[in-house]
Amino acid sequence: MPNFAANLSMMFQELGFLDRFAAAAKAGFRGVEFLFPYDFPAADIAERLQKSKLTQALFNLPPGNWAAGERGMAALAGREGEFRDGVGKAIEYAKALSCKTIHAMAGIWPQGRPKTDGEETYVANLRYAADEAAKHGLTLVIEPINTRDIPGYYLNTTSEGIAVLDKVGRPNARLQLDLYHCQIMEGDLAERTKKLMPRVSHVQIAGTPGRHEPDIGEVNYPFLFDLLDELGYTGWVGCEYRPKGATLAGLGWARKYGIGG
């Protein structure tokens, strides 16, 4: 059975952020993920995790100015110093939260400019981040993101992601497979998952289209959950979706997995 982690940046919006941990645990989740922890002291988040007996599955490195539309900087030349500072800050939080996996966002790429112009910076930054993460037993992941949700994002397909990881050449630099993004950009999810699984350290889900519960839309997630089990995947499956209504009311899809009551 997959290990589901509630994404607290999207789920349980009925509550304040720090109160979402207990709500997720009460609903039956054993793990959580979120976009960013940096607005809160690491000790406060760690306390909520411990009280609720939850595992922190994943979070992102600092993304730059999120409010201004920035979505990471790993591929952006001239931001190397800021990126390295963000690596250090993320590692500090990861250690405090006992989180083993951190995600480096690539950034928004200038329209019309060849992506090959960003490759050297991207690979060098990821090598640095992976090497720093390795010192603390952490895994670094990159995530292809669809062009509909984040227009202009540098990394869009799993094929691009694997090519980058091959160039990075670090064993702890791995793929974050978001099946929602993958369906939009590439499809053929079952065969693609089989092929990619040896390189995957984190999986995420959402219904397509709409990014709501995984039982809404065109993807047969129960089939894919069974496939993950067949492939021996024991990592986390992050529920990175926007509930269509109240979070608990939308957990019918998860009851067969012991979540949602």
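Residues numbered from 1 in each chain as written. Predicted model: local features only at pLDDT ≥ 70, side-chain atom pairs only at ≥ 80, totals over all residues. Heavy atoms only, no water.

### So, the overall build of the protein chain
Thought 1: Within the protein chain one finds eight helices and eight strands.
Thought 2: Computed over C-alpha atoms, the radius of gyration of the protein chain comes to 17 Å, within 12% of the 18 Å expected from 2.2 N^0.38 for 261 residues, which places it in the range of a compact globule.
Thought 3: Across the 261 residues in the protein chain, those meeting the buried criterion constitute 54%.
Thought 4: Looking at the protein chain alone, contacts between residues at least 24 apart form 76% of all its contacts between residues at least 6 apart. (Helix = DSSP H or I, 4+ residues; strand = E, 2+ residues; numbered from the N terminus. Rg over C-alpha atoms; globule rule 2.2 N^0.38 Å. Buried < 20%, exposed > 50% of the residue type's maximum accessible area, 1.4 Å probe, protein only. Contact = heavy atoms within 4.5 Å.)

### A few points about the pairing of strand 8 (residues 236-239)
Sheet faces and side chains relate simply in a regular strand, where the side chains alternate between the two faces.
Thought 1: Burial along strand 8 is two-sided: the face carrying Trp 236 and Gly 238 and the face carrying Val 237 and Cys 239 are both buried.
Thought 2: Two strands pair when backbone bridges link them, and strand 1 (residues 3-7) and strand 8 are joined in this way by four bridges, in the parallel orientation. Counted as the bridge partner of Ala 6 is Cys 239 from strand 8.
Thought 3: Sheet topology places strand 7 (residues 200-205) next to strand 8; three bridges connect them, and they run parallel. Across the sheet, Ile 205 pairs through a bridge with Cys 239, a residue of strand 8.
Thought 4: Handedness of the crossover joining strand 7 and strand 8 through helix 8 (residues 221-230): right-handed. (Pairing = 2+ DSSP bridges. Right-handed = clockwise from strand over helix to strand, strands pointing away.)

### Structural notes on the pattern of salt bridges
Pairing is possible between side chains that carry opposite charge, provided their charged atoms lie close to one another.
Thought 1: What the rule picks out here adds up to 12 salt bridges.
Thought 2: Between Glu 191 and Lys 194 there is a salt bridge whose closest N-O contact spans 3.2 Å. In this pair, Glu 191 and Lys 194 are both assigned in helix 7 (residues 189-196), three residues apart and thus about one turn of the helix distant.
Thought 3: With a relative accessible area of 44%, Glu 191 lands in the partly exposed category.
Thought 4: Several salt bridges converge on common partners, so that one network encompasses Glu 70, Arg 79 and Glu 82. (Salt bridge = Lys/Arg side-chain N within 4 Å of Asp/Glu carboxyl O.)

### Concerning the packing of helix 4 (residues 116-134) against helix 5 (residues 158-168)
Thought 1: One way to put it is that helix 4 packs onto helix 5 with a least axis distance of 9 Å and a crossing angle of 60°. Here helix 4 runs over helix 5; the crossing is right-handed. Side by side, helix 4 and helix 5 meet where Glu 119, Tyr 122, Val 123, Leu 126 and Arg 127 of the first sit next to Val 164, Lys 167 and Val 168 of the second.
Thought 2: Here the residues of the contact of helix 4 with helix 5 sort into five nonpolar, no polar and three charged. (Axes fitted to C-alpha atoms, helices over the stretch in contact; angles between N-to-C directions. Left-handed = near helix turned anticlockwise from the far one by under 90°. Nonpolar A, V, L, I, M, F, W, Y, C, P; charged D, E, K, R; others polar.)

### Quick word on the environment of Leu 228
Thought 1: Position of Leu 228 relative to the elements: it lies in helix 8.
Thought 2: Leu 228 sits in the buried class, given a relative accessible area of 3%.
Thought 3: What Leu 228 contacts, discounting residues up to four positions off in sequence, is Thr 193, Met 197, Val 203, Tyr 233 and Val 237.

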